[in-house]
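# Residue-level structure breakdown
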Amino acid sequence: MDAKRVVELLYWRDVKTSGVVFGASLSLLLSLTLCSIVSVSSYIGLALLSVTICFRIYKGILQAIQKSDEGHPFKLYLDQDVALSEETVHKYSDCLLVRFNTTVTELRRLFLVEDLVDSLKFAVLMWILTYVGALFNGLTLFILGLVGMFSCPIVYEKYKVQIDHYVGMANKQVKDIIATVQAKVPGLKRVKAE
């Protein structure tokens, strides 16, 4: 799935497809809050298997009644090659390896205090996340993220001017506060590269 299709999905360009993806994803996450992942996977598998078995039996009965020789109803899908090529696996594993190495390098830099200001920002982020973790579990955050992914882009598209205005005002105030704190606390001023 390329980035263009994801953007079209999140901006609800095709309402039917976006609704199906959003509804299925939200249903999956909500069912995971009630049951374990093993139970949810089993129920989804059983539901899918029930539908395909019923469809196969239905088509078999129709073929027997009409005395036609259409063959297996899923033959088109059974003949498709679903194996991943080595090139595809290597491409994605190389991409994953690069991201993993970048993440490990950045975490090492933050935890070993290469830059004091960045490490302090990271510490504040971790402190805030302790409160977020106390209020929500991971699944709730995934549900909120999914709802946000499907609602924020469309809301921003409709109210872009107003949102940009208020975000600009907030950014100016945050920059003013950071400048004031950096000016008053010794050692927090960043050294500018010449």
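Residues numbered from 1 in each chain as written. Predicted model: local features only at pLDDT ≥ 70, side-chain atom pairs only at ≥ 80, totals over all residues. Heavy atoms only, no water.

### Observations regarding the nonpolar core
Nonpolar side chains in soluble globular proteins tend to end up buried together. Stated precisely, the cut-off is as follows: Among buried residues, those of type Ala, Val, Leu, Ile, Met, Phe, Trp, Tyr and Cys that are joined through side-chain atoms within 4.5 Å constitute a nonpolar core. Burial classification: accessible surface area is computed with a 1.4 Å probe over protein chains only, and a residue below 20% of its type maximum counts as buried, one above 50% as exposed, and the rest as partly exposed. Labels follow the DSSP assignment, with helices taken as runs of H or I lasting at least four residues and strands as runs of E lasting at least two, numbered in each case from the N terminus. What makes two residues a contact is simply this: any of their non-hydrogen atoms within 4.5 Å.
The biggest cluster of nonpolar side chains holds 10 residues, and these are Leu9, Leu10, Phe22, Leu26, Leu29, Leu32, Val40, Ile143, Leu146 and Phe150. Counting residues per element, the ones that place at least two in this core are α1 (3–10), α2 (15–34) and α7 (138–158). Per-element accounting of this core gives the leading share, four residues, to α2. Residues in contact with leucine 32, not counting those within four places in the same chain, are Ile37, Val40 and Leu139.

### A short note on the confidence of the model for the protein chain
Close reading of the predicted structure is inappropriate where its pLDDT is low. Counted only if it meets this: Confidence scores labelled pLDDT are given residue by residue by the predictor and lie between 0 and 100.
Averaged over all residues, the pLDDT of the protein chain is 89; the fraction at 70 or higher stands at 95%. Averaged pLDDT values over the elements of the protein chain bottom out at 86 in helix α4 (residues 75–78) and peak at 94 in helix α5 (residues 86–111).

### What about the packing of aromatic side chains?
The criterion, for reference: Pairing of aromatic rings covers Phe, Tyr and Trp, the last counted by its six-membered ring, and requires centre-to-centre distances within 6.5 Å; plane angles under 30 degrees mean stacked, over 60 mean edge-to-face, and any other angle means tilted.
Under the counting rule described, the total for this entry stands at six aromatic pairs. Aromatic pair tryptophan 12 and phenylalanine 150: ring centres 5.9 Å apart, planes at 75 degrees, arrangement edge-to-face. Of this pair, tryptophan 12 sits in the loop between α1 and α2 while phenylalanine 150 sits in helix α7, placing them 138 residues apart in sequence. Ring geometry for phenylalanine 111 against phenylalanine 122: centres 5.3 Å apart, planes inclined by 85 degrees, an arrangement best described as edge-to-face. Here phenylalanine 111 is found in helix α5, whereas its partner phenylalanine 122 is found in helix α6 (residues 116–135), with 11 residues between them in sequence.

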